[in-house]
Amino acid sequence: MLHQRLQEWIHPQKQIQRRCICCILPPQMLDNLIQYGDEKNREWALTTLRISERFRGKRRAVGNVSFAISPGQKRRTIYDAKTSTSLPGVLVRGEGDPPSADQAVNEAYDGAGATYDLFRDVYERNSVDDRGLRLDATVHYGLRYENAFWDGNQMIYGDGDGQLFNRFTLAIDVIAHELAHGVNQHEADLDYQNEPGALNESFADVFGTLVKQRSLNQTVDQADWLIGVGILTSRVQGQALRSLKAPGTAYDDRILGKDPQPSHYANRYQGTSDDGGVHINSGIANHAFYLAAMAIGGYAWEKAGRIWYFALRDILRSKSTFQDAANATILIAEQLYGSHSDEQKAVRSAWQQVGVI
Amino acid sequence: MQVLFERSGGFAGIPLTLTIDFANLSPDEATQLNRLIEQADFFNLPATTPSAAKPDRFQYRVTIEGGDRPHTVSVGETAAPDTLKPLLNWLVESARKQK
Ligand SMILES: [Zn+2]
């Protein structure tokens with residue numbers, strides 16, 4: 001039987017685990033839960049232990065349970081679908097292999113590496129699932145397929161139609177965006193529709209641009225804050241697919257139309273296309289991140305990115321709204337940098353400026 | 001008879017749309033399109049197919065009107081039945097040519 005006090009710790013399970021960044025629970029309490037708790041308690045205790053072990057930077061075993069965390073190593077594998085839609089395709093480049101003659105293969109390989117590095121070096125995350133997941137990617141998926149996606153297990157890139165869209169590996173932020181969908185899946189697991197979906201999209205763009213900015217060693221003032229530069233062909237009037245700095249201005253083309261992204265909550269799309277406007281309303285949260293990062297200054301991945309990452313990892317859940325994201329990032333900014341710190345003020349002001357709070 | 005087609009979503013989030021009036025098609029094209037609509041058993045497909053939306057996948061909406069009865073099918077890329085895919089591919093290619 002579990003001690004009464006232990007039960008109190010367990011009941012608001014997610015609250016405890018998600019509210020505080022650095023939960024300090026007596027280790028014996030967790031050990032007891034793992035050994036004697038029911039399935040749910042046990043899983044929660046293991047998760048909590050994994051998080052706290054990570055903070056202490058060591059691994060250990062409890063009872064007869066050991067953690068199957070793979071060593072923190074990049075393991076990238078790139079496949080070629082040769083314009084078919086069967087996955088994963090033919091293996092063309094493994095970790096440590098020399099570059100391929102095929103640029104798409106190298107772009108997928110390097111982009112996955114830069115994304116892995118940001119999450120490991122800056123946020124101490126062990127790959128997409130924080131347990132060393134292999135990074136698999138397939139290039140040349142489908143015929144003239146003008147898209148890239150994360151299918152729950154791997155990245156997939158199309159070549160574009162060649163008329164309006166180039167290959168999707170061309171932009172490093174597209175690659176990081178797809179991997180960030182994987183990170184979300186293992187953390188907040190935001191639903192992919194309506195507001196949670198727009199948040200999901202926004203986090204993907206945010207980490208997308210952070211990987212790009214870090215790979216170019218750019219400060220917030222030097223960065224272009226664009227997503228997907230190079231994806232649109234020279235026939236298109238447009239510089240990119242989205243802009244965090246000025247949502248709604250990335251392209252304005254005779255054939256493709258105009259970038260539909262709003263930057264203010266009052267102008268949000270409320271229709272059903274695009275899973276409830278996930279690629280449209282992401283502009284609102286994207287712009288909030290941009291405003292916060294600009295106000296904080298320096299390298300965006302260091303402070304603003306860390307605040308957003310912790311919110312995604314520790315607080316947000318599948319049904320979270322923009323309002324929840326605002327509250328979460330303001331709370332994390334306080335926990336990391338102090339109440340009424342410049343960082344917290346920057347985050348609050350950013351969400352106010354886009355009309356969410 | 002008219003076919004209204006929209007593909008939304010995808011990484012770019014840029015919709016691809018097309019309106020086809022059978023009256024403007026060549027006899028060959030009309031035959032081809034009719035065959036694809038039949039092959040999909042379009043008028044008996046459910047209006048929506050519940051499926052969890054997946055990151056950056058396309059979403060399709062096809063409406064056929066002006067015939068015996070109008071019908072609209074909305075379906076995600078991962079949930080589209082195999083019998084419908086040739087019609088969707090044909091519509092995507094036609095929409096591209098129109099550009
Ligand atoms: Zn996405």
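Residues numbered from 1 in each chain as written. Chains lettered and ligands numbered in written order. Predicted model: local features only at pLDDT ≥ 70, side-chain atom pairs only at ≥ 80, totals over all residues. Heavy atoms only, no water.

Draft legend 1. Representation of the overall build of chain B within the structure. The helix and strand inventory of chain B stands at two helices and four strands. Each helix (α) and strand (β) of chain B, taken in turn from the N terminus, gives the series β-β-α-β-β-α. Taken over C-alpha atoms, the radius of gyration comes to 13 Å for chain B, in line with the 13 Å a tight globule of 99 residues would show. In terms of principal-axis extent, the alpha carbons of chain B reach across some 40 × 30 × 20 Å. Across the 99 residues that make up chain B, the buried fraction comes to 48%. Taking the intrachain contacts of chain B between residues at least 6 apart in sequence as the baseline, contacts between residues at least 24 apart amount to 62%. On chain B, roughly 4,900 Å² of surface is accessible, and the fraction owed to carbon and sulfur atoms is 49%. A gap of 8 Å separates the mean positions of the 10 positive and 12 negative side-chain charges of chain B. (Helix = DSSP H or I, 4+ residues; strand = E, 2+ residues; numbered from the N terminus. Rg over C-alpha atoms; globule rule 2.2 N^0.38 Å. Buried < 20%, exposed > 50% of the residue type's maximum accessible area, 1.4 Å probe, protein only. Contact = heavy atoms within 4.5 Å. Areas by Shrake-Rupley, 256 points an atom, 1.4 Å probe, with all protein chains shown as cover. Lys, Arg positive; Asp, Glu negative; His and termini not counted. Charge placed at Lys NZ, Arg CZ, Asp CG, Glu CD.)

Draft legend 2. Inspection of the confidence of the model for chain A at higher detail. For chain A, the average pLDDT comes to 87, and 80% of its residues sit at 70 or higher. Overall, residues 1-26 of chain A carries pLDDT values under 50, and its contacts beyond four positions in sequence, including any with other chains, amount to 50 contacts. (pLDDT = per-residue confidence, 0-100.)

Draft legend 3. Fine view of the packing of aromatic side chains. Residue and element names in this part refer to chain A. One pass over the full model with this rule turns up 22 aromatic pairs over all chains. Both rings, one in F203 and one in F207, keep their centres 6.4 Å apart while their planes meet at 20°; by these two values the pair is stacked. Here F203 pairs with F207, and both are found in helix α7 (residues 194-215), just four residues apart, close to one helical turn. Like F207, F203 is buried. Each ring, one from W225 and one from Y290, has its centre 5.2 Å from the other, and the planes form 85°; the classification is edge-to-face. Of this pair, W225 sits in the loop between α7 and β6 (226-227) while Y290 sits in helix α8 (residues 273-296); the two residues are 65 residues apart in sequence, bridging distant segments of the chain. Comparing W225 with Y290 shows no difference in burial state: the two are buried. Members of the aromatic cluster, joined through ring pairs, are F119, Y123, F203, F207, Y309 and F310. (Phe/Tyr/Trp six-rings, centres within 6.5 Å; stacked < 30°, edge-to-face > 60°.)

Draft legend 4. The arrangement of the interface of chain A and chain B in detail. In this complex, chain A contributes 30 residues to the contact, which on the side of chain B involves 21 residues. Summing the contributions of chain A and of chain B, the shared interface buries around 2,200 Å²; its carbon and sulfur component is 52%. The three residues of chain A that bury the most area against chain B are E146, N147 and Y192 of chain A, which together make up 21% of that side's buried surface. Across the chain A-chain B interface, the total number found is three salt bridges. Between E93 of chain B and R144 of chain A there is a salt bridge whose closest N-O contact spans 3.2 Å. Where chain A meets chain B, there are 19 residue pairs in polar contact (both at pLDDT 80 or more). Counting residues per element, the ones that place at least two in the side of chain A that touches chain B are β4 (148-150), α6 (172-186) and α8 of chain A. Here the residues of the side of chain A that touches chain B sort into 16 nonpolar, six polar and eight charged. (Buried area = accessible area lost by both parts, 1.4 Å probe. Salt bridge = Lys/Arg side-chain N within 4 Å of Asp/Glu carboxyl O. Polar contact = N/O pair within 3.5 Å; in protein donor to acceptor, adjacent residues only side chain to side chain. Nonpolar A, V, L, I, M, F, W, Y, C, P; charged D, E, K, R; others polar.)

Draft legend 5. Here's a closer look at the coordination of the zinc ion. In this structure, H177 of chain A (NE2), H181 of chain A (NE2), E201 of chain A (OE), D56 of chain B (OD) and D56 of chain B (OD) serve as the protein donors to the zinc ion, at separations of 2.0 to 2.4 Å. Note that H177 of chain A is positioned in helix α6 and D56 of chain B in the loop between α1 (27-39) and β3 (58-65), a pairing that runs across two chains. Judged on exposure class, the residue H177 of chain A and its partner D56 of chain B are both buried. (Donors = N, O, S within 2.8 Å, 3.2 Å for Na, K, Ca; no water.)

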